[in-house]
Amino acid sequence: MSKVEEKLAELGLVLPEVVPPVAAYVPAIRSGEYVLTAGQLPMVGGKLPSTGKVGAEVTAEEAKQLAQVCALNGLAAIKSVIGDLDKVEQIVKVVGFVASAPDFTGQPGVINGCSELLGEVFGAAGVHARSAVGVAVLPLDAPVEIEFQVRVSA
């Protein structure tokens, strides 16, 4: 087990299986020293635990937890490409999308569910640039979707 997966276990978390694509794409791809993921939905056991807009059907706190699930799914996708999460040298960029009710403006707090987990697991290497964007709708009516760019060792 990698140090990253040991840290996840200490936090009571388990790296899931890679979520199969819901369309014509791959979960992650390596380009040189970078791995980029497709958008990761908060799938658990092949389905979304919650659907709808944050600030309406889904609370901000629920969405923050779903963002953590997206982070775990992203790490699984990254591992599928590099084989060992200890090869991650830096989480470079996180882009988070939040399906938002018209008056919801707490997108940064929602995406903190992902960012805080990455910081806990990777320490300084988990500090990243980030965007948190409110959108009208996401695939499968997911409340949150997150994509990653990470720098990895050979």
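Thresholds applied
- Residues numbered from 1 in each chain as written.
- Predicted model: local features only at pLDDT ≥ 70, side-chain atom pairs only at ≥ 80, totals over all residues.
- Heavy atoms only, no water.
- Helix = DSSP H or I, 4+ residues; strand = E, 2+ residues; numbered from the N terminus.
- Rg over C-alpha atoms; globule rule 2.2 N^0.38 Å.
- Buried < 20%, exposed > 50% of the residue type's maximum accessible area, 1.4 Å probe, protein only.
- Contact = heavy atoms within 4.5 Å.
- Areas by Shrake-Rupley, 256 points an atom, 1.4 Å probe, with all protein chains shown as cover.
- Lys, Arg positive; Asp, Glu negative; His and termini not counted.
- Charge placed at Lys NZ, Arg CZ, Asp CG, Glu CD.
- Core = buried A, V, L, I, M, F, W, Y, C linked by side-chain atoms within 4.5 Å.

- For the protein, the name recorded in an unreviewed UniProt entry is RidA family protein, with Kitasatospora sp. CMC57 as its organism.

A closer look at the overall build of the protein
For step 1, the next point in the chain: Looking only at helices and strands, the protein has 3 helices and 5 strands in total.
For step 2, the next point in the chain: The N-to-C order of helical and strand elements in the protein reads α-β-β-α-β-α-β-β.
For step 3, the next point in the chain: The C-alpha radius of gyration of the protein comes to 14 Å, within 12% of the 15 Å expected for a compact globule of 154 residues.
For step 4, the next point in the chain: Referenced to the eigenvectors of the C-alpha coordinate spread, the extents of the protein come out at roughly 45 × 30 × 25 Å.
For step 5, the next point in the chain: With 154 residues in all, the protein has 44% of them scored as buried.
For step 6, the next point in the chain: Contacts in the protein between residues far apart in sequence, at least 24 positions, make up 82% of those at least 6 positions apart.
For step 7, the next point in the chain: Surface exposure of the protein reaches about 7,200 Å², of which carbon and sulfur atoms provide 54%.
For step 8, the next point in the chain: Mean positive and mean negative side-chain charge positions of the protein (11 and 17 charges, respectively) differ by 4 Å.

Quick word on unusual backbone geometry
For step 1, the next point in the chain: Residue Leu140 is not a glycine yet carries a positive backbone phi of 60 degrees.
For step 2, the next point in the chain: Along the chain, Leu140 turns up in the loop between strand 4 (129–135) and strand 5 (144–152).
For step 3, the next point in the chain: Positive phi, close to 65 degrees, is recorded for Asp141, a residue that is not glycine.
For step 4, the next point in the chain: Take Asp141: it is sitting in the loop between strand 4 and strand 5.
For step 5, the next point in the chain: The partly exposed category is assigned to Asp141, whose relative accessible area is 30%.

Comments concerning the nonpolar core
For step 1, the next point in the chain: By size, the foremost hydrophobic cluster in this structure holds 39 residues, and its most contacted members are Ile78, Val88, Phe122, Val144 and Ile146.
For step 2, the next point in the chain: Sorting the residues of this core by element identifies helix 1 (3–10), helix 2 (60–82), strand 3 (88–99), helix 3 (107–122) and strand 5 as the ones contributing at least two each.
For step 3, the next point in the chain: Take this core: its biggest share by element is 11 residues, from helix 2.
For step 4, the next point in the chain: Listed in part, the 7 residues of the second largest apolar core include Val19, Leu41, Ala99 and Leu138.

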